[in-house]
Amino acid sequence: MKPTYDAIVIGSGLGGLTCAKRLADADHRVLLLEQHFQLGGLATWFKRGGHIFDVSLHGFPYGMVKTCKKYWGKTIQSAIVQLKNIVFDNPQFSLTTSFSKDDFIRLLQERFGVAEAVVREFFITIEGMNFYDDQKLRTFELFERFFPGRGDIHRLLLEPISYANGSTLDEPAITYGIVFSNFMNRGVFTFEGGTDRLIGLMEHELKNLGVDIRTSARVERVVLNKGRATGVMVDGKYIPARAVISNAGITNTVDDLVGREVLSENFCERFAQVRVNNSSCQVYFGIRKGESIPDIGDLLFTSREEQFTSEALRDLRTKSRTFSVYYPKTRPDAPPDYTIVASMNANFDDWARLNAHEYAQEKEAMVERCLADLERYLPGVHSKIDVIESATPLTFQRYTLHSKGTSFGTKFEGLDISRSLHKELPGLFHVGSVGIIMSGWLGAINYGVIVANDVDSWLRDT
Amino acid sequence: MNREEIREVLLEIIADIDEEADFTALDADKPLRDQLELDSMDFLDIVMELRKRYKLQVPEDEYPELATLNSCVNYLEPKLRDL
């Protein structure tokens, strides 16, 4: 450890890791502090009973290839591979797709009977969307404009994005357009070698650049002097720095690391409007060594709900879930391993209000529902499973410390707070999932680059 | 630096960002974004690299000055003249 740093990054999610990397690239002295014993934030994994379970690998857009190549180098970039079989199965439709624009243009015509001109116009509209567009238009209105009364098409278009970033029909349409277009570019991609390899490679890059890294180091607070950030307190020790970048949640940053009392009234009012996004539940299944399962697709969007609604998706006993199926190809250099991760959107409060007995019961019932649904795609899988683990919003909160265990940061208004924090408290920056568009693996990494540019500008000026 | 040197530096920075960038048919008066498929992240990279190399700050509201190769050179010439 050095006595002082140019920049201290609090939190090692993909945004924090990338921000640290970019600042080190620009020759700044960087310290990265992580409260957990493992780097990665929600880009994480855990080992249980001889299996490795990926928590948020699921799949990301093609844009990761360019982003990783530019900001993390060719080793990481070259491990990005396509997931070719994306499956939808619900009472309204069942289909397999590459989840790319070409395939969606075909499906919307052949399976959903939409005229080609309408489909093309829809894609032109969403591809033309950018951050500076009208923010009043809602996603529901966008869908109604092109596909009026077609709940089945709304479901096809939104359900996957709801799982990717917690979007609902009520969000600004630009947030939908930007994220959906990213995926439609070429389809869904993954990282060969798994989350552990990705984060391991990133850690290696940072160490090569001289970044100091401390895990199990929980920052108590950001130290301010006359409204300017001067360092952090960690384990009762003050570490000075010219800039502090928080990769904690934006609500955690303001409420836990700084405190609202140091903020102006105007900023406080805007901050009070920030809504955190929903959380998640997951159930993890490991297939006994030596057993195998057939290829049923890489990512399955399944539901037994007649219609799609955002509320039903997050319900305590939701009938909608994704199955991320990890075959041995996920980690080609490791002994063959099959794991399946069921993911559901969830409301923190639904789980937080249960007493210990109810909580255990609901968790067990959730596992049973996931298992019953999985049996529909893999008959007899029950007898091949040797490890089952599960997580609720409380689990996500415990490991990430995020307010209400949020999996996707904040709704749209959080972006403005995140972007303007350093104007309110000079020297303190925020990077992390905010505003829906700066979320997911690609959003988090790109946001890390954007914030690093702000920090670099600040460091060169002061 | 003179105009030609600034031009060379810009092309070098862009080539570092996108090694497949093809400058042979580049029209210096047309947007770089369209011709080289540069996105907003690429422009951010250019800004950060200029700052690293020349301690030059390009404020966000002046990013439009970087639209074409010639507008870049025009914008940078007075700032880099004495280097």
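This one's a predicted model, so the numbers in the text were calculated from it and none came from an experiment.

### A closer look at the nonpolar core
All names here are of chain A. Counting residues in each nonpolar core, the largest one holds 132 residues, and the members touching the most others are Leu14, Phe122, Phe123, Leu142, Phe180 and Ile245. At 12 residues, the largest contribution of residues to this core is made by helix H17 (residues 440-461). When sequence neighbours within four positions are dropped, the list of residues in contact with phenylalanine 122 reads Leu142, Phe143, Phe146, Phe147, Leu157, Tyr176 and Phe180. If you look at the next biggest cluster of nonpolar residues, it comprises 29 residues, including Phe323, Val325, Met366 and Val367.

### Description of the packing of aromatic side chains
Residues and elements named next belong to chain A. With the rule as written, the count across this model stands at 24 aromatic pairs over all chains. Between phenylalanine 60 and tryptophan 441, the ring centres sit 5.7 Å apart and the planes meet at 20 degrees, which makes this aromatic pair stacked. Note that phenylalanine 60 is positioned in strand E5 (residues 60-61) and tryptophan 441 in helix H17, a separation of 381 residues in sequence. Overall, tryptophan 441 belongs to the buried group, its relative accessible area being 9%. Relative to phenylalanine 146, the ring of phenylalanine 122 lies with its centre 5.5 Å away and its plane at 75 degrees, an arrangement referred to as edge-to-face. Here the residue phenylalanine 122 occupies a position in helix H5 (residues 116-127), and phenylalanine 146 occupies one in helix H6 (residues 139-146), the gap between them amounting to 24 residues. Grouping residues by exposure puts phenylalanine 122 and phenylalanine 146 together as buried. It is lysine 21 that lies over the ring of tryptophan 72; its NZ or CZ is 5.7 Å from the centre.

### Structural notes on the pattern of salt bridges
Considering all chains together, one arrives at 43 salt bridges over all chains under this definition. The closest approach of N and O atoms between aspartate 103 of chain A and arginine 106 of chain A, which form a salt bridge, is 2.8 Å. Placement of the pair is aspartate 103 of chain A and arginine 106 of chain A together in helix H4 (residues 101-110), with a separation of three residues, close to one helical turn. Residue classification places aspartate 103 of chain A among the buried positions, given a relative accessible area of 14%. Where arginine 304 of chain A meets aspartate 373 of chain A, a salt bridge forms, and the shortest distance between an N and an O atom there is 2.9 Å. You can see arginine 304 of chain A sitting in the loop between strand E15 (299-303) and helix H12 (310-314) and its partner aspartate 373 of chain A sitting in helix H14 (residues 356-377), a full 69 residues away along the chain. Sharing partners across several salt bridges, the network here consists of Arg22, Lys66 and Lys70 of chain A together with Asp39, Asp42 and Asp45 of chain B.

### Description of the side chain of threonine 410 of chain A
All names here are of chain A. Tracing the sequence through the fold places threonine 410 in the loop between helix H15 (393-400) and helix H16 (414-424). Overall, threonine 410 belongs to the buried group, its relative accessible area being 2%. Here the side chain of threonine 410 touches glycine 435 through a polar contact of 3.2 Å, landing on its backbone nitrogen.

### Overview of helix H8 (residues 173-184) of chain A
Counting along an α-helix, one turn takes 3.6 residues, and residues three or four places apart therefore face a common direction. All names here are of chain A. Between its terminal C-alpha atoms H8 stretches 16 Å, which fits the 16 Å expected from 12 residues at 1.5 Å a residue. Extensive coverage of H8 is indicated by the burial of 10 of its 12 residues. Where H8 is buried, its residues contact E5, H4, H5, H6, helix H7 (151-165) and strand E9 (188-191).

### With respect to the interface of chain A and chain B
Contacts between the two partners involve 19 residues from chain A and, on the opposite side, 16 residues from chain B. Summed over both partners, the interface of chain A with chain B comes to about 1,500 Å²; 44% of that surface belongs to carbon and sulfur atoms. Linking chain A to chain B there are eight salt bridges. Between aspartate 45 of chain B and lysine 70 of chain A there is a salt bridge, with the nearest N and O atoms lying 2.7 Å from each other. For the interface between chain A and chain B, the tally reads 11 residue pairs in polar contact (both at pLDDT 80 or more).

### Quick notes on the domain arrangement of chain A
Residues and elements named next belong to chain A. Along its sequence, chain A is carved into domain 1 (5-43 + 195-275 + 408-461), domain 2 (99-185) and domain 3 (278-400). Computed from C-alpha coordinates alone, the two centres of domain 1 and domain 3 are separated by 31 Å. On the domain 3 side, the residues contacting the six residues of domain 1 number seven residues. Taken over both partners, the interface formed by domain 1 and domain 3 buries close to 530 Å², and the fraction arising from carbon and sulfur atoms is 47%. Of all residues in domain 1, the largest losses of buried area upon contact with domain 3 belong to Gln35, Leu42 and Phe408, amounting jointly to 63% of the total for that side. Taken together, domain 1 and domain 3 are joined by one salt bridge. Of the charged contacts, one joins aspartate 196 and arginine 331 as a salt bridge, the two residues approaching to 2.9 Å between their closest N and O atoms. Here domain 1 is connected to domain 3 by two residue pairs in polar contact (both at pLDDT 80 or more). When its residues are assigned to classes, the side of domain 1 that touches domain 3 shows two nonpolar, three polar and one charged.

### Digging into the sheet that holds E9 of chain A
All names here are of chain A. With antiparallel pairing, the three strands of this open sheet are ordered in space as E5-E9-E6. Of all the strands in the sheet, the pair left with one neighbour each is E5 and strand E6 (80-83). For E6 and E9, the ladder comprises four bridges, and the chain directions are antiparallel. The residue bridging leucine 83 from the neighbouring strand is valine 188, located in E9.

### Some remarks on the environment of tyrosine 71 of chain A
Residues and elements named next belong to chain A. Relative to the helices and strands, tyrosine 71 is located in helix H2 (residues 63-71). Of the residues examined, tyrosine 71 reaches a relative accessible area of 1% and is grouped as buried. Each C-alpha atom, one on tyrosine 71 and one on threonine 215, is 23 Å from the other, the two residues being 144 residues apart in sequence.

### A look at unusual backbone geometry
Residue and element names in this part refer to chain A. In this structure, leucine 401 takes a positive phi of about 70 degrees despite not being glycine. By the secondary structure assignment, leucine 401 is in the loop between H15 and H16. Even without glycine at this site, isoleucine 436 takes up a positive phi of about 70 degrees. Along the chain, the position of isoleucine 436 falls in the loop between strand E19 (428-430) and H17.

### Here's the deal with helix H9 (residues 194-208) of chain A
Residue and element names in this part refer to chain A. Between its terminal C-alpha atoms H9 stretches 22 Å, which fits the 21 Å expected from 15 residues at 1.5 Å a residue. Those residues of H9 that sit buried are Gly194, Thr195, Leu198, Ile199, Leu201, Met202 and Leu206. Glycine 210 lies just past H9 and shows a positive phi near 85 degrees.

Analysis parameters
Here the residue numbering is sequential within each chain, running from 1 through the sequence in written order. Numbering of ligands from 1 and lettering of chains from A proceed in the order in which they are written. Per-residue local features of the predicted model are confined to residues with pLDDT of at least 70, and side-chain atom pairs are confined, for both listing and counting, to 80 or more; whole-chain, interface and lining totals are unaffected and use all residues. In computing side-chain properties, one takes all heavy atoms of the structure into account and sets aside hydrogens as well as water. What makes a nonpolar core is a set of buried Ala, Val, Leu, Ile, Met, Phe, Trp, Tyr and Cys residues whose side-chain atoms join them at distances within 4.5 Å. Only protein chains enter the accessibility calculation, which uses a 1.4 Å probe; a residue whose area is less than 20% of its type maximum is buried, one above 50% is exposed, and one in between is partly exposed. Helix and strand assignments come from DSSP, with helices taken as H or I runs of at least 4 residues and strands as E runs of at least 2, each series counted from the N terminus. Any two residues having at least one pair of non-hydrogen atoms within 4.5 Å are treated as being in contact. Two aromatic rings from Phe, Tyr or Trp, using only the six-membered ring of Trp, form a pair when their centres are within 6.5 Å; if the ring planes differ by under 30 degrees the pair is stacked, by over 60 it is edge-to-face, and anything between is tilted. Note on geometry: a ring has a charge over it if NZ (lysine) or CZ (arginine) is within 6 Å of the ring centre and within 35 degrees of the ring normal. The term salt bridge refers to a pairing of a side-chain nitrogen on Lys or Arg with a carboxyl oxygen on Asp or Glu at a separation within 4 Å. Pairs of N or O atoms are called polar contacts if they sit within 3.5 Å, as long as, within protein, a hydrogen donor faces a hydrogen acceptor (for residues adjacent in sequence, only side-chain-to-side-chain pairs). An expected span of 1.5 Å times one less than the residue number is assigned to each helix. The quantity reported as buried area is the accessible area (1.4 Å probe) lost by two parts once they are put together, taken as the sum for both. Where each domain begins and ends follows an automated or database-derived domain assignment. Under the scheme applied, nonpolar residues are Ala, Val, Leu, Ile, Met, Phe, Trp, Tyr, Cys and Pro; charged residues are Asp, Glu, Lys and Arg; polar residues are all the others, including Gly. By this definition, two strands are paired if DSSP reports at least two bridges between them.

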